[in-house]
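A closer look at the structure
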Amino acid sequence: MTDAVGSIDTPDAQDEALETKKKARKGGKRAKKGPLKRLAIFYRQVVAELRKVVWPTRNQLTSYTTVVIFFVTIMIALVTVIDYGLNHAAKYVFG
């Protein structure tokens, strides 16, 4: 039977193309390479990715570090106050 798109009995051209791609590819990029060759490729890829990183300037790094230290100090003080308050509340309730 046929319809407006094509024959129902035969697969589409896209399906045939996908099947041939799957059959043609056996090893791909990871075909039998030695461990040292794979390690060298990995190292080159790491270096290439690190070159893409936008590193902060010294002023940015200083300001970010200052903000983090200030925030951590505030959080330490907040947790200390809450802990001190709960400690005294527990002593009051339980004896």
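Residues numbered from 1 in each chain as written. Predicted model: local features only at pLDDT ≥ 70, side-chain atom pairs only at ≥ 80, totals over all residues. Heavy atoms only, no water.

Operational definition: UniProt positions are given in the numbering used here, feature names are shortened, and annotations may be inferred rather than shown by experiment.
Under an unreviewed UniProt entry, the protein chain has the name Protein translocase subunit SecE and belongs to Streptomyces diastatochromogenes. You can read under Sequence similarities (unreviewed entry) in the UniProt record for the protein chain the words "Belongs to the SecE/SEC61-gamma family." Per its UniProt entry, the protein chain bears the Subunit (unreviewed entry) comment "Component of the Sec protein translocase complex. Heterotrimer consisting of SecY, SecE and SecG subunits. The heterotrimers can form oligomers, although 1 heterotrimer is thought to be able to translocate proteins. Interacts with the ribosome. Interacts with SecDF, and other proteins may be involved. Interacts with SecA."

1. Some thoughts on the confidence of the model for the protein chain
Low pLDDT marks regions whose predicted coordinates should not be analysed in detail. The following threshold applies: Every residue is assigned a pLDDT by the predictor, reflecting its confidence on a scale from 0 to 100. Secondary structure elements are defined from DSSP: runs of H or I of at least 4 residues count as helices, runs of E of at least 2 residues count as strands, and each element is numbered from the N terminus.
With 67% of its residues at a pLDDT of 70 or more, the protein chain has an overall mean of 83. The secondary-structure element of the protein chain with the lowest mean pLDDT is helix 1 (residues 13–24), recorded at 57, while helix 3 (residues 58–94) shows the highest, at 97.

2. Quick notes on a nonpolar patch on the surface
For the record, the criterion: Each patch groups residues whose relative accessible area exceeds 30% and which form no salt bridge, using 9 Å between like charges and 5 Å between nonpolar side chains of Val, Leu, Ile, Met, Phe, Trp and Tyr. Each accessible area is a Shrake-Rupley estimate made with a 1.4 Å probe; only the visible protein chains count as cover when residues are assessed. Take a side-chain nitrogen of Lys or Arg and a carboxyl oxygen of Asp or Glu: if they are within 4 Å of each other, that pair is a salt bridge.
On the surface, Val68, Phe71, Val72, Met75, Ile76, Leu78, Ile82 and Leu86 cluster together into a nonpolar patch covering about 750 Å² of accessible area. In this structure, methionine 75 sits in helix 3.

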